[in-house]
Amino acid sequence: MEEKLNGIVLGGVSYGENDKILNIFTLEKGTVSAKIKGVKKGGAKLKFAAERFCFAEFVFSVKSDKRTVTGASLIDSFYPVREDLVKFYCAGTVIEFIKRFEIENIVSADMFALTVSALKKIAYGNDSPRVALIEFLLSALKTVGYGLNLEGCHVCGNHIDGRIFFDCFSGGFSCENHKDGFSREINYATYLALRNVEDGETVGEFNAVRCLRLLDFYLINKPEEKLNSLKELLQLATEEE
Ligand SMILES: [Zn+2]
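Residues numbered from 1 in each chain as written. Predicted model: local features only at pLDDT ≥ 70, side-chain atom pairs only at ≥ 80, totals over all residues. Heavy atoms only, no water.

Student: Describe the coordination of the zinc ion, naming the residues involved and giving the relevant values.
Tutor: Each protein donor to the zinc ion is listed here as Cys-153 (SG), Cys-156 (SG), Cys-175 (SG) and His-178 (ND1); together their distances run 2.1 to 2.3 Å. Considering all 4 donor atoms around the zinc ion, angles at the metal cover 92 to 122° and the coordination shape is tetrahedral. We note that the donor set of the zinc ion lies within a single chain, spaced as C-x2-C-x18-C-x2-H. Of the two residues, Cys-156 is situated in the loop between strand S6 (149–153) and strand S7 (164–167) and His-178 in the loop between strand S8 (172–174) and strand S9 (183–186); the sequence distance between them amounts to 22 residues. Judged by relative accessible area, which is 32%, Cys-156 ranks as partly exposed. (Donors = N, O, S within 2.8 Å, 3.2 Å for Na, K, Ca; no water. Tetrahedral: all angles 85-135°; square planar, octahedral: opposite > 155°, others 65-115°. Helix = DSSP H or I, 4+ residues; strand = E, 2+ residues; numbered from the N terminus. Buried < 20%, exposed > 50% of the residue type's maximum accessible area, 1.4 Å probe, protein only.)

Next comes the structure, spelled out in structure tokens:
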């Protein structure tokens with residue numbers, strides 16, 4: 001049977017001498033695995049289709065539930081992410097997020113749309129790739145049920161001014177009166193920057209890095225997911241400072 005699916009390559013592992021097994025996030029079927037033959041040989045026609053970030057319409061031959069890529073028409077390679085380290089790690093974080101949170105064969109059209117939109121902004125956008133990543137993470141966390149609550153104190157509901165605390169177990173923020181043993185004080189500018197990104201406003205690089213540090217801390221503590229590309233991205237910011 002032949003099957004056509006629109007998908008983005010999340011990664012692949014070597015299989016035999018010249019083949020690879022790809023992990024592809026598809027619009028129609030969620031994440032799927034597929035073998036692709038001969039792509040490690042020089043000049044292989046489908047080499048591009050085995051590259052991480054490749055967005056293509058894939059043609060598979062399906063035999064007893066196993067897919068083999070037989071063709072692919074490129075939609076976007078998001079090429080600029082390969083030429084800039086910040087873009088590379090931002091796009092890598094998006095891909096790793098999908099790998100950790102998307103379950104095999106479960107369709108998620110919303111997450112697919114978020115992923116394509118984030119990769120486009122990171123690759124080609126005029127604005128900061130870090131801000132595009134924060135925007136993605138805020139929406140994607142919401143989609144998988146781990147959204148942050150940025151609407152004031154999560155206990156009393158009041159607007160927060162002055163000192164502010166983040167509770168990584170609820171994903172909420174609290175005022176000084178409602179902090180508890182698990183809350184950690186954060187910089188007010190980080191909270192404001194997160195709200196600005198959520199409202200579609202841009203924020204400076206310095207505050208974008210602060211937001212990503214908080215999101216990294218949250219991902220490690222709440223869903224317990226460590227995203228290596230995000231670590232590298234934050235490491236890069238530390239070196240720039
Ligand atoms: Zn409160």
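Student: Any details on the environment of Arg-213? Residues and values, ideally.
Tutor: Residue placement: Arg-213 occurs in helix H5 (residues 205–221). Taking the C-alpha atoms as reference points, Arg-213 and Ile-8, separated by 205 residues in sequence, lie 27 Å from one another. Here the side chain of Arg-213 touches Thr-238 through a polar contact of 3.3 Å, side chain to side chain. (Polar contact = N/O pair within 3.5 Å; in protein donor to acceptor, adjacent residues only side chain to side chain.)

Student: Break down empty space enclosed by the protein for me, with residues and values.
Tutor: Under the criterion given, the structure shown has 1 cavity of 30 Å³ or more. Taken as a whole, the largest cavity holds about 30 Å³ of empty space. Residue lining of the largest cavity: Leu-138, Leu-141, Lys-142, Gly-147, Leu-148 and Glu-198, and that is the complete set. With 3 residues, helix H3 (residues 129–143) is the single largest residue contributor to the lining of the largest cavity. (1 Å grid on protein atoms, 1.4 Å probe; cavity = no way out; pocket = protein on both sides within 12 Å on 5 of 7 lines; lining within 4 Å. Points joined across faces, edges and corners; volume = space filled by probe spheres on them.)

Student: How would you explain the pairing of strand S2 (residues 19–26) if you had to name every residue and give the values?
Tutor: Inspection of the sheet shows strand S1 (residues 2–15) paired to S2 by 8 bridges, in the antiparallel sense. Across the sheet, residue Tyr-15 finds its bridge partner in S2, namely Asp-19. Hairpin geometry of S1 and S2 is characterised by an intervening segment of 3 residues between the two adjacent antiparallel strands and by a positive phi of about 65° at Gly-16. Where S2 lies against strand S3 (residues 30–36), 7 bridges are found, and the strand directions are antiparallel. Note on S3: the bridge partner recorded for Ile-24 is Val-32. Hairpin connection between S2 and S3: a loop of 3 residues separates the two successive antiparallel strands. (Pairing = 2+ DSSP bridges.)

Student: Account for H3, naming residues and giving values.
Tutor: If you check H3, its first and last C-alpha atoms are 21 Å apart, about what 15 residues at 1.5 Å a residue would give, namely 21 Å. Buried residues dominate H3, accounting for 11 of its 15 residues. Considered for burial, the residues of H3 that qualify are Pro-129, Arg-130, Val-131, Ala-132, Leu-133, Ile-134, Phe-136, Leu-137, Leu-138, Ala-140 and Leu-141. Regarding H3, its N-cap is Ser-128, as a side-chain oxygen of that residue lies 3.0 Å from the backbone nitrogen of Arg-130 further along. Downstream of H3 by a residue or two, Gly-145 has a phi angle that is positive, lying close to 90°. (Expected span 1.5 Å × (residues − 1).)

Student: Which residues make up the layout of surface pockets, and what are the values?
Tutor: For the largest pocket, the calculated volume is near 250 Å³. Lining the largest pocket are 13 residues, and of these Ser-33, Ala-34, Lys-35, Lys-66 and Arg-67 sit closest to its centre. Elements with a minimum of two residues in the lining of the largest pocket: S3 and strand S5 (66–76). Counting residues per element, the lining of the largest pocket draws most heavily on S3, at 4 residues. Here the residues of the lining of the largest pocket sort into 4 nonpolar, 3 polar and 6 charged. (Nonpolar A, V, L, I, M, F, W, Y, C, P; charged D, E, K, R; others polar.)

Student: Can you explain the nonpolar core? Please cite residues and give values.
Tutor: Among the nonpolar cores identified, the biggest contains 61 residues, and Phe-97, Phe-173 and Leu-194 are the most heavily contacted of them. Looking at this core, you find at least three residues from each of domain 1 (2–76) and domain 2 (83–240). Beyond its immediate chain neighbours, meaning those up to four positions away, Phe-97 contacts Met-111, Phe-136, Leu-137, Ala-140, Leu-141, Val-144, Leu-219 and Leu-227. Counting residues in each nonpolar core, the second largest holds 17 residues, with Leu-5, Val-39, Leu-46 and Ala-50 among its members. (Core = buried A, V, L, I, M, F, W, Y, C linked by side-chain atoms within 4.5 Å. Domains from an automatic or database assignment. Contact = heavy atoms within 4.5 Å.)

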